[in-house]
Amino acid sequence: MTTFLTLAVLVLVAIAIWQLTKIFELSQLKTAKYQIATDSDNKNNGYMLFAFLVFIYGITIFSFWKYGKFLLPEAGSAHGEEYDYLMLVSFIIIFIVQTITQALLHYFGYKYRGKEGQKALFYADNDRLEFIWTIIPVIVLAGLILWGLYTWTNIMDVNDEDDPLIVELYAQQFNWTARYGGADNVLGGANVRMIDIDKANVLGLDESDSYAADDVIVKELHLPVGRKVNFKMRSQDVLHSAYMPHFRAQMNCVPGMITQFSFTPIHTTEEMRSNPDIMEKVKRTNKIRAEKSENSGEVLDPWQFDYILLCNKICGKSHYNMQMKIVVETEEEYNEWMKGQSTFAETVMKDDSNPTASVGE
Ligand SMILES: [Cu+2]
C-alpha cells in the first residue's frame with residue numbers, strides 16, 4: 001500500500017511539473033516562432049524519408065538472406081504443392097506492390113514537403129483515378145480469393161474416394177496415439193467413457209464393437225507413400241491441434257467430437273532425407289549439436305530428418321514436447337511393418353471372457 005501511495009505521489013508530481021513547464025512555455029511569447037519548421041527542417045526530414053526507405057529495403061533483403069533458410073522445405077503431400085504455390089504467388093504480388101508503393105509514398109513525401117509561402121492545392125476528387133485504384137485491387141484480390149477458396153475447398157474435402165487409409169489420431173495431455181482400422185480399414189466405435197486403464201484400453205474402444213477387434217494402436221505413425229489417408233481426430237481432455245508441417249496439414253482435436261483431415265503423402269521419409277534443403281538443415285543442426293556437446297560435455301546424438309506430428313495448441317505444461325514420429329515408406333515396407341503390430345483383440349480383449357474377443361481373427 002505504501003508503495004502504491006509513493007508511486008501515485010510520484011506520478012502526480014510528474015504531471016504537475018509537466019503542466020507547470022507548459023504554462024511557462026506558453027508565457028514566453030517568442031517561443032512560438034521556434035516551433036515552425038523551416039525549409040531546411042523540411043528538407044532534412046525529406047532526406048530522412050529516403051534513409052528510412054533504404055532501411056526498409058535493406059532489412060527486407062537481409063531477412064530473405066538470413067532467415068529464408070528457416071522456411072519449410074518442399075511439401076510432402078499432394079495438396080501441399082498447390083498450397084505452397086498459392087502462398088508463393090500471394091507473396092510475390094505483395095512483395096512487388098509494397099516495393100513500388102513504399103518508394104512512391106516516400107518520394108512524394110519528399111517532393112511535396114512544406115515550403116515557405118507555398119500553399120497546398122485543394123483537390124477534391126478525380127473519378128478516373130479513383131476508378132483505377134479501386135478496380136485493380138478488386139480484380140487482383142478477387143482472383144486471389146477465388147483461387148484460395150477453390151484450393152481450400154479441395155483441401156478440406158474429406159471423402160471416401162480412392163480407397164483412403166483410415167487413421168485415428170488421438171490426442172491427450174501430453175502425447176499422441178494413432179489407430180488404424182485394421183484389415184477391414186474400419187475404426188471400431190470408441191468413447192472416452194469406455195477407457196479402462198486396468199485393461200490398458202487407453203483409447204476407450206468399444207469392446208462389443210466387432211470393428212474394434214482388428215484395430216491397431218501404435219505410438220509411431222507409418223504411412224504408405226501415394227495412398228490417401230483420412231485422419232479422424234479425437235481428444236481426451238482439452239483442445240489440441242494435430243499439426244503436420246511437412247504435409248501442410250493442421251486440424252484441431254476437440255473433446256467430444258471427431259474432426260477430420262485428409263492428405264496423400266507423396267515423398268517417403270528416405271526421399272525427403274535426400275532433399276537438398278533438408279540435407280542443409282540437418283547439417284546445420286548437427287553442427288550446433290556437435291558444438292553443444294563439446295561445450296557442455298553432454299553427448300548429443302546427430303539428428304536426422306523425420307516427418308513429425310506436433311501439437312499446435314498450448315494445451316498444458318508439456319505441450320512443447322507433444323509429438324509423434326511419422327514414417328512414410330513404400331507400400332511393401334508399410335505392409336511388412338503392419339504385420340508386426342498387434343491388434344486390439346490381441347492386446348486388450350485377449351484375457352477377457354467377452355464373446356466378441358475372437359471377432360476379426
Ligand atoms: Cu496438445
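Residues numbered from 1 in each chain as written. Predicted model: local features only at pLDDT ≥ 70, side-chain atom pairs only at ≥ 80, totals over all residues. Heavy atoms only, no water.

(A) Local environment of the packing of helix α4 (residues 78-111) against helix α5 (residues 127-156). It is at 10 Å that the axes of α4 and α5 come closest, and there the two elements cross at 165°. Between α4 and α5, the interaxial angle falls into the category roughly antiparallel. Helix-helix and strand crossings are classified by hand; for α4 and α5 the assignment is left-handed. From α4, His79, Glu82, Tyr83, Tyr85, Leu86, Val89, Ser90 and Ile93 reach across to α5, where they touch Val140, Leu144, Trp147, Gly148, Tyr150, Thr151, Asn154 and Ile155. When its residues are assigned to classes, the contact of α4 with α5 shows ten nonpolar, five polar and one charged. (Axes fitted to C-alpha atoms, helices over the stretch in contact; angles between N-to-C directions. Helix = DSSP H or I, 4+ residues; strand = E, 2+ residues; numbered from the N terminus. Parallel < 35°, antiparallel > 145°, perpendicular 65-115°, else oblique. Left-handed = near helix turned anticlockwise from the far one by under 90°. Contact = heavy atoms within 4.5 Å. Nonpolar A, V, L, I, M, F, W, Y, C, P; charged D, E, K, R; others polar.)

(B) Quick peek at α5. Under the 1.5 Å per step criterion, the end-to-end length of α5 is 42 Å for 30 residues, consistent within 8% with the ideal 44 Å. Within the span of α5, buried status applies to Leu144, Gly148, Thr151 and Ile155. Its buried side turned inward, α5 meets α4 and β8 (259-263). Taking the backbone nitrogen of Arg128 as reference, a side-chain oxygen 3.1 Å away marks Asn126 as the first, capping residue of α5. (Expected span 1.5 Å × (residues − 1). Buried < 20%, exposed > 50% of the residue type's maximum accessible area, 1.4 Å probe, protein only. Polar contact = N/O pair within 3.5 Å; in protein donor to acceptor, adjacent residues only side chain to side chain.)

(C) Spotlight on the sheet that holds strand β1 (residues 165-172). Pairing is mixed across the open sheet formed by five strands, whose spatial order is β3-β2-β1-β5-β8. Each having just a single partner strand, β3 (216-218) and β8 make up the two edges of the open sheet. With strand direction ignored, the average angle separating the axes of adjacent strands in the sheet is 25°. Where strand β5 (residues 229-235) meets β8, five bridges bridge the pair, whose relative direction is antiparallel. Considered in β8, the bridge of Asn230 is made with Ser262. Running at roughly 100° to strand β2 (residues 175-180), helix α8 (residues 331-339) makes contact with β1, β2 and β3 of the sheet. (Pairing = 2+ DSSP bridges.)

Purely spatial values, then, with no claim about function.
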